[in-house]
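# Understanding the architecture of this molecule
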Amino acid sequence: GGDDLSGGYFLGPVIFDKCPPGASILSEEVFGPVMCIQGFSTEAEALSLANETPFGLAAAVFTRDLERAHRVAAALDAGTTWINEYNLAPPELPFGGRKESGFGKECGLEAIHYYSQIKSVYVSTADV
């Protein structure tokens, strides 16, 4: 209990600022309260930085320009992309990653299809 984390491998919420290109934290899927911040000059550069990771669970775009937001969301190689929001997961929308961020989807009809295997059985009622 408490805030003493010295007895294990724990990390409190942390922001890594100005991560250099090639930093391992930019190419690993960290499950925890971690954010990496990288600067960019152009939309193309931002997309390149975001898509060069081998993972693609989720992404978010924050902007006042909704045309740009939709263009960038379409270009991001992520299973879920939020615009001006983060981490909403309504049960009717499919959620799941791309690339090395998992297989299939959770929630929505996509999950039903993923976890289902269709089989047809024909039965004749004629005498055999």
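For clarity, every value in this text was computed on a predicted model and none was experimentally measured. (Residues numbered from 1 in each chain as written. Predicted model: local features only at pLDDT ≥ 70, side-chain atom pairs only at ≥ 80, totals over all residues. Heavy atoms only, no water.)

A few words on the environment of Asp127. Along the polypeptide, Asp127 turns up in the segment after helix 3 (108–114). For Asp127, a relative accessible area of 81% corresponds to the exposed category. In this structure, the C-alpha to C-alpha distance between Asp127 and Phe103, residues 24 residues apart in sequence, is 46 Å. (Helix = DSSP H or I, 4+ residues; strand = E, 2+ residues; numbered from the N terminus. Buried < 20%, exposed > 50% of the residue type's maximum accessible area, 1.4 Å probe, protein only.)

Our focus in this paragraph is the packing of aromatic side chains. In this description, an aromatic ring pair is defined by two values, namely the gap between the centres and the angle between the planes. Tallied over the full model, the rule gives 3 aromatic pairs. Aromatic pair Trp82 and Phe95: ring centres 6.4 Å apart, planes at 35 degrees, arrangement tilted. Taken as a pair, Trp82 in strand 5 (residues 80–83) and Phe95 in the loop between strand 5 and strand 6 (98–99) lie far apart in primary sequence, 13 residues in all. You can call Trp82 buried: its relative accessible area is 8%. Site record: aromatic cluster; members linked through ring pairs are Trp82, Tyr86 and Phe95. (Phe/Tyr/Trp six-rings, centres within 6.5 Å; stacked < 30°, edge-to-face > 60°.)

On to the nonpolar core, then. Leu47, Ala59, Val61, Ala69, Val72, Leu76 and Ala78 form the largest nonpolar core, which has 7 residues in total. Those elements that place two or more of their residues in this core are strand 4 (58–61) and helix 2 (66–75). Apart from residues no more than four positions distant in its own chain, Val61 is found in contact with Ala69, Val72, Ala73, Leu76, Thr81, Trp82, Ile83 and Asn84. (Core = buried A, V, L, I, M, F, W, Y, C linked by side-chain atoms within 4.5 Å. Contact = heavy atoms within 4.5 Å.)

Within the sequence span of helix 2, burial applies to Ala69, Val72 and Ala73. All buried residues of helix 2 lie within an arc of 100 degrees about the axis, which places them on one face of the element. In helix 2, the exposed positions that point more than 90 degrees away from the buried face belong to Glu67, His70 and Ala74. The elements touched by buried residues of helix 2 are helix 1 (43–51), strand 4 and strand 5. Where helix 2 begins, one side-chain oxygen reaches toward the backbone nitrogen of Glu67, 3.2 Å away; that side chain belongs to Asp65. (Arc of directions from axis to C-beta. Polar contact = N/O pair within 3.5 Å; in protein donor to acceptor, adjacent residues only side chain to side chain.)

What follows covers the pattern of salt bridges. In the structure shown here, the tally under the stated rule is 4 salt bridges. Across the pair Glu43 and Arg68 runs a salt bridge whose closest N-O atoms are separated by 2.8 Å. Of this pair, Glu43 sits in helix 1 while Arg68 sits in helix 2, placing them 25 residues apart in sequence. Classification of Arg68 as partly exposed rests on a relative accessible area of 38%. For Lys99, the salt bridge identified is with Asp77, shortest N-O distance 3.9 Å. Taken together, the positions of Lys99 in strand 6 and Asp77 in the loop between helix 2 and strand 5 put the pair 22 residues apart, joining distant regions of the chain. Exposure remark for Lys99: the relative accessible area of 33% places this residue in the partly exposed category. (Salt bridge = Lys/Arg side-chain N within 4 Å of Asp/Glu carboxyl O.)

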